[in-house]
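Here's the letter readout for the chains.
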Amino acid sequence: MTPTPAEAPTASQAVMDLEREYLLQNYSRYPLALRRGKGAYVYDLEGKRYLDFIAGIGVNALGHAHPRIVKLIREQAALLIHCSNLYYHEYQGPLAKKLAEVSGLQRTFFSNSGTEAMEGALKMVRAHGNKSDSGKIEIVSMDNSFHGRTLGALSVTGQPKYRKDFEPLLAGVRFVPQGDAAALESVVNERTAGIVIEWVQGEGGIFPVSVEYAQKARELADRYNALLIFDEIQCGVGRTGAYFAYQLTNPIVLPDVMTLAKPLGCGLPIGAIVANERAASTIGPGMHGSTFAGSALACRVALEFFDILEGLLPSIERVGGYFRSALGELARKHSFVKEIRGRGLMIGMDLEIPGKQIVLDAMAAGLLINCTHDTVLRFLPPYIVTEREVDVALKTLSKLFSKQKPVGQTA
Ligand SMILES: Cc1ncc(COP(=O)(O)O)c(C=O)c1O
């Protein structure tokens, strides 16, 4: 029977219904189906506009349909999308050179995602440990960290809720409390092959690592011949207003290995392991690889992105500062806001109340944000965001916050 117009599902509803029937039910998506985007805005299937302050969880660094990226994708797609790693193409080398110039780490391996970059980094750690003696297999990571969903990355993810269904994971992983340098010192020893730090915990609620912890990790990695790995998959490549978040500290603590992904391809899947010579030498011919990784298309887009990023770094810092101080003002008016954390355009607002309904209400009001760890509103707007767009987001948040009941007041 043909449905009457009143019964006909919307285009968005039809998309959701079909997915419910045929997709693995692993995501709890928001009820929103998107068709297109322009700058910092996206549009759903019914044409409604949303200000995008989550940007594909930090992926859409230049927002949507950036003219230079669109032009270049068109051009490169007509030339060569992919040729496998059996052959060379023109863009892996220049992109790796660029990464070396901006990071101080000499060699790159390209991956397709963050978790795949972590897997490669963990293989470096294992190969490094195996070179010394067979007992050197321990890896130290931090509580509350998030490193990805594959088995290796999960093994070093410091949140039992993600690991519990997939045990046993990698043996020899030890976790230390967030930022506790003394605890780190107490667990690192000759058997430690790697120390992993998520430089700014993103999924964990926007917690930057302390300089003291990073310095201690460097000192211990040197003392015990372990590799120091910084996961900058969410906080790296401009997000904090520096090329990499570790460059914001004084003095700078350099890792042996850094993992990158999210913003690197402006929406195309590309990640990277960037390593110094010592760490890179652990991987010899045939020891690692990936069919799709480092395609001509993704690498050329990432190169173009770096070209644009250089000019954007000051505005990431400026607009991010503007956003944080305005959120601070909002916080002063609402006692349920506990803390604002972050740097550049990676910002968390810690609440004393659950954030989920605020996220849903913001969406209904045309603003996309997300909530992590139940109470932390996470803002990852695109790097091209302006103060005016920040004002629009703030106006929406301010309205929604005014409707919340003060903490302690029951319904
Ligand atoms: C810090 C960090 N590491 C690793 C990952 C995993 O990246 P991917 O989802 O691309 O595998 C994420 C993803 O959210 C992340 O934020």
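Preceding block: the structure.
Residues numbered from 1 in each chain as written. Predicted model: local features only at pLDDT ≥ 70, side-chain atom pairs only at ≥ 80, totals over all residues. Heavy atoms only, no water.

J.: What should I look at first to understand the packing of aromatic side chains in this one?
T.: Aromatic ring pairs are reported here in terms of the distance separating the ring centres and the angle at which the planes meet. The final tally for this structure, using the stated rule, is eleven aromatic pairs. Aromatic ring contacts, followed pair by pair, group W199, F230, Y243, F244, Y246, F305, F306 and Y383 into a single cluster. Sitting above the plane of the Y43 ring, R36 keeps its charged end 4.0 Å from the centroid. Positioned above the aromatic ring of F207, the side-chain terminus of R341 is 3.8 Å from the ring centre. (Phe/Tyr/Trp six-rings, centres within 6.5 Å; stacked < 30°, edge-to-face > 60°. Lys NZ or Arg CZ within 6 Å of the ring centre and 35° of its normal.)

J.: Is there a simple way to think about the pattern of salt bridges in this case?
T.: Pairing between side chains becomes possible if they bear opposite charge and their charged atoms approach one another. Under the counting rule described, the total for this entry stands at 23 salt bridges. Of the charged contacts in the structure, one is a salt bridge between R68 and D307, with a shortest N-O distance of 2.9 Å. Taken as a pair, R68 in helix α3 (residues 67-77) and D307 in helix α11 (residues 296-333) lie far apart in primary sequence, 239 residues in all. As a salt-bridge pair, E219 and R223 come within 2.8 Å of each other at their nearest N and O atoms. Taken together, the positions of E219 and R223, both in helix α9 (residues 211-223) and four residues apart, correspond to about one turn of that helix. Assessed through its relative accessible area of 43%, R223 is described here as partly exposed. Beyond isolated ion pairs, a larger network of salt bridges with shared partners links E185, K216, E219 and R223. (Salt bridge = Lys/Arg side-chain N within 4 Å of Asp/Glu carboxyl O. Helix = DSSP H or I, 4+ residues; strand = E, 2+ residues; numbered from the N terminus. Buried < 20%, exposed > 50% of the residue type's maximum accessible area, 1.4 Å probe, protein only.)

J.: Got a minute to help me understand the environment of L360 in this structure?
T.: Along the chain, L360 falls in helix α12 (residues 356-364). We classify L360 as partly exposed; its relative accessible area is 23%. Sequence-distant contacts of L360, that is, excluding residues within four places in its chain, are made with Y30 and P31. (Contact = heavy atoms within 4.5 Å.)

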